[in-house]
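Here are the chains, one letter per residue:
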Amino acid sequence: MTDKVLEDDKLKDEVYPSESFLTALFWKHPEFYLYYPADKVSERSFGNKVWGFFFQLGRYAHQRKLQNFDEIAISQVVKEYGLEKKFEQYGEFDFISENMDYVKDKKDNFEKYYEEVKKYNLLRSLRDVFGDKVSQNTEKYNYKKMNRFQVQTYWQDIVNEIAITNDVPIKEYDLFDPDEMREMVNELDIESDFGMPMYNSDKLNEIMQGWGDNTLTILSGFSGNGKSSFSVHSLIIGCLVNKEKLLIMGNEMGVRAYRKLALITIMGSKDLYEKTNGLKGFDRKNINKGDFTDEEKARLHAAITWIEENLEGDNALVKFVPLDDYTIDHVEMVMRHYAHRNYRKMILDTAKPTEGGGNLPRWQRFTEDFERIGSLMEKDTGLDVSLFATVQAADEAIRMRYLDERCLGDSKKIKNVADTVLHMRPVRTDELEGGKKAIEVYDFFPKDMPKDRIERLQKQGWVNDPEFKSDNKPYWKLRRKLDKESVYYLIFTSKNRRNESNLTGLDVLVLKVNFNSNKWDEIGWTKDVERDTNY
């Protein structure tokens, strides 16, 4: 018997109990076959043929709409599929029935058995590539104690190290080398360090200097307050029009929801309006109702054509990966996979603490998760990517008006690893015109504006700022209140390595939002948000 056969038997023997219990749980609870289709677990996932056979037999039975796997019903399925010989060889119904009795009160152990089966399937595949080392423990590698994502990352890193170099040399630079500094200035003159422009977001681009390379950006907001909608408008459509490859990792909305939101955004955009000679927006609620009118169909298909034109044949420009099983290991695995395929811009919507994590408090797990994510941004030592991560603000901060890292609750230390940290919330009723805490917005406008634009601004309530001296300047500073008929949002910047933050002189960005068309129009800045002292 060869060593490979011995190692093969070893891996099969170690996973035998988990394979038997997992199969028995599927038979005991046939609805699991619906939740775990063949692309997640199949006969090929099992090292022991007996359990691969019974697992697949159970899937056949489930496809026949059987709700209870009893001996008579299973015998009929066996005959229907011509499996009598194997069924008899593997002990027939009595064999699986013993395990079904054993797991009748062990449904809570399902994930444990499932993960073990998936891990050993991975180990067998890795052994075919790397040999027996896969099943041999060392000081740094213990496949029995590691989960499947840790195993995969371990061997993936080995491949990466081999591909790059076996030794990482110490790099040093003369910081003030005049020749290299002149070369840098010439390079910046030709190719700016300004990042990818976000879509219809001039002021946000000013804050962040575009979506920069090798940056980690965090956007916090309260649950259901528009984080995903904002990301679609500014970032996802931005990558589309700039031909920037993008990976979206989503754990709250599915691909269908993102597609619908993208269509809504494009149908409400100025770009499509101008391209279609005045074809107007779309009532958002109708996209779920269906039974579209001819005009609605025309708008939808015009939006798809606009997308197609911007893709220029590259349908894989923007990838969406659902994170059904959210762990930091899974996030990193997906990031590594797509970074190696030249996806440099990534969105994580929404980041959250890894469940489990031993005895660590939830906030500490979240902080450690972000420290791990942050290390992946670097060009030389990481994946050479940029990540925009949305996070949910702490419920106890819902009363805060002036948002900063405190609204992240105990997880506020995630700010330390980020390049830019943004916080968003809707403007409150008492902050609108006539309210007790009404805020004023200001912005700058060129003096040579056409007359019709000046008239539009006046109708919107813009007036001259009497304190601003514009005699020797080519622009005016105008101010206005926020009308009660519209929805407004505020974006705070508590940290910014690429420009100013609210701590260093940047004011709060004010946007007018129309969720029906997912339009986020930047209207100006404000200094008037009340500072909180009770948090």
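Residues numbered from 1 in each chain as written. Predicted model: local features only at pLDDT ≥ 70, side-chain atom pairs only at ≥ 80, totals over all residues. Heavy atoms only, no water.

Chemist: I'd like a rundown of the environment of Y113, residues and numbers included.
Modeler: As for its position among the elements, Y113 is in helix α7 (residues 110-130). For Y113, a relative accessible area of 6% corresponds to the buried category. In this structure, the C-alpha to C-alpha distance between Y113 and L25, residues 88 residues apart in sequence, is 9.4 Å. (Helix = DSSP H or I, 4+ residues; strand = E, 2+ residues; numbered from the N terminus. Buried < 20%, exposed > 50% of the residue type's maximum accessible area, 1.4 Å probe, protein only.)

Chemist: Can you break down the nonpolar core residue by residue, with the values?
Modeler: With 47 residues, the main nonpolar core has W211, F230 and M267 as its most contacted residues. With residues up to four places along the chain from it excluded, the contact list for F230 reads L204, L219, L235, F388, M424, I491 and W520. Among the nonpolar cores identified, the runner-up in size contains 35 residues, and F26, Y36, F53 and M100 belong to it. (Core = buried A, V, L, I, M, F, W, Y, C linked by side-chain atoms within 4.5 Å. Contact = heavy atoms within 4.5 Å.)

Chemist: Help me get a handle on the environment of Y141, residues and values and all.
Modeler: Among the structural elements, Y141 can be located in the loop between α7 and α8 (148-164). A relative accessible area of 1% means that Y141 is categorised as buried. Contacts of Y141, omitting those with residues within four sequence positions, involve L123, K133, V134, Q136, M146, V151, Y154 and W155. A distance of 3.2 Å separates a polar atom in the side chain of Y141 from a polar atom in the side chain of W155. (Polar contact = N/O pair within 3.5 Å; in protein donor to acceptor, adjacent residues only side chain to side chain.)

Chemist: Tell me about the side chain of S411, and name the residues and values.
Modeler: Positionally, S411 belongs in the loop between β5 (386-392) and β6 (420-426). Discounting chain neighbours no more than four positions away, the residues touching S411 are W363, F366 and T367.

Chemist: Could you give me a rundown of the packing of helix α11 (residues 227-241) against helix α12 (residues 255-267), with the residues and numbers involved?
Modeler: Where α11 meets α12, the closest approach of the two axes is 10 Å, and the angle between their N-to-C directions is 70 degrees. One element, α11, and the other, α12, form an angle in the roughly perpendicular class. Considering only the axes of α11 and α12, their crossing is right-handed. On α12, the residues that touch S228, S229, V232, H233, I236 and I237 of α11 are Y258, L261, A262, T265 and I266. (Axes fitted to C-alpha atoms, helices over the stretch in contact; angles between N-to-C directions. Parallel < 35°, antiparallel > 145°, perpendicular 65-115°, else oblique. Left-handed = near helix turned anticlockwise from the far one by under 90°.)

Chemist: How would you summarise the side chain of D419 if you had to cite specific residues and measurements?
Modeler: Mapping D419 onto the fold places it in the loop between β5 and β6. Setting aside chain neighbours within four positions, we find D419 in contact with N214, T215, L216, K495, N496 and R497.

Chemist: Outline the packing of aromatic side chains, listing residues and values.
Modeler: As enumerated under the stated definition, the model contains 44 aromatic pairs in all. What links up through ring pairs into an aromatic cluster is the set Y16, W27, W51, F53, F54, F69, F87, Y90, F93 and F95. Looking at K345, its charged tip hangs above the ring of W211, at a distance of 5.8 Å from the centre. We note R531 situated over the ring of Y402; from NZ or CZ to the ring centre the distance is 3.7 Å. (Phe/Tyr/Trp six-rings, centres within 6.5 Å; stacked < 30°, edge-to-face > 60°. Lys NZ or Arg CZ within 6 Å of the ring centre and 35° of its normal.)

Chemist: Describe in detail the pairing of β6, supporting the description with residues and values.
Modeler: Counted residue by residue, β6 has six buried out of seven residues, so it is predominantly covered. With four bridges connecting them, strand β1 (residues 216-221) and β6 associate as parallel partners. Note that in β6 the partner of T217 across the bridge is T420. Two strands pair when backbone bridges link them, and β6 and strand β10 (residues 487-496) are joined in this way by seven bridges, in the antiparallel orientation. Bridge pairing in β10 links R425 to L490. (Pairing = 2+ DSSP bridges.)

Chemist: So what's going on with a nonpolar patch on the surface? Residues and values would help.
Modeler: There is a patch of nonpolar side chains on the surface, built from L175, F176 and M181 and spanning about 370 Å² of accessible area. Position of M181 relative to the elements: it lies in helix α9 (residues 178-190). A residue is classified by how much of its surface remains accessible, and M181, at 35% relative accessible area, is partly exposed. (Patch = residues over 30% accessible without salt bridge, like charges linked within 9 Å, V, L, I, M, F, W, Y side chains within 5 Å. Areas by Shrake-Rupley, 256 points an atom, 1.4 Å probe, with all protein chains shown as cover. Salt bridge = Lys/Arg side-chain N within 4 Å of Asp/Glu carboxyl O.)

Chemist: Go over the pairing of strand β12 (residues 519-526), please, and point to the residues and values.
Modeler: Burial runs high along β12: six of the eight residues are buried. Where strand β11 (residues 508-514) lies against β12, seven bridges are found, and the strand directions are antiparallel. When the bridges of β12 are listed, N514 appears paired with K519. The turn joining β11 and β12, which pair antiparallel and follow one another in sequence, is formed by four residues; a positive phi near 50 degrees is taken by N518.

Chemist: Please give an account of the pattern of salt bridges that cites residues and values.
Modeler: Overall, the coordinates contain 32 salt bridges when judged by the stated rule. Here E19 ties to R124 by a salt bridge, and the two come within 4.0 Å at their closest N and O atoms. Taken together, the positions of E19 in helix α1 (residues 3-28) and R124 in helix α7 put the pair 105 residues apart, joining distant regions of the chain. Relative accessible area serves as the criterion here: at 0%, E19 is assigned to the buried category. Salt bridges sharing common partners tie together R401, R425, D430, E431, K437 and E530.

Chemist: Which residues make up the packing of helix α16 (residues 328-339) against helix α17 (residues 362-374), and what are the values?
Modeler: Two elements in contact, α16 and α17, have axes whose closest approach is 11 Å; the angle formed by their N-to-C orientations is 15 degrees. For the element pair α16 / α17, the angle class is roughly parallel. In this structure, α16 crosses over α17, and the sense of that crossing is right-handed. From α16, I328, D329 and E332 reach across to α17, where they touch D369, R372 and I373. Classifying every residue of the contact of α16 with α17 by side-chain character gives two nonpolar, no polar and four charged. (Nonpolar A, V, L, I, M, F, W, Y, C, P; charged D, E, K, R; others polar.)

Chemist: Describe in detail unusual backbone geometry, supporting the description with residues and values.
Modeler: Put simply, D349 and T350 share a cis peptide bond, and its omega is 15 degrees. Following the sequence through the fold, T350 ends up in the loop between β4 (345-349) and α17. Located in the positive-phi region is N200, a residue other than glycine, with phi close to 45 degrees. A positive phi angle is found at D384, which is not glycine, with a value near 60 degrees. Among the structural elements, D384 can be located in the loop between α17 and β5. For D384, a relative accessible area of 22% corresponds to the partly exposed category.

Geometric descriptors of this kind do not, in isolation, establish any biological role.
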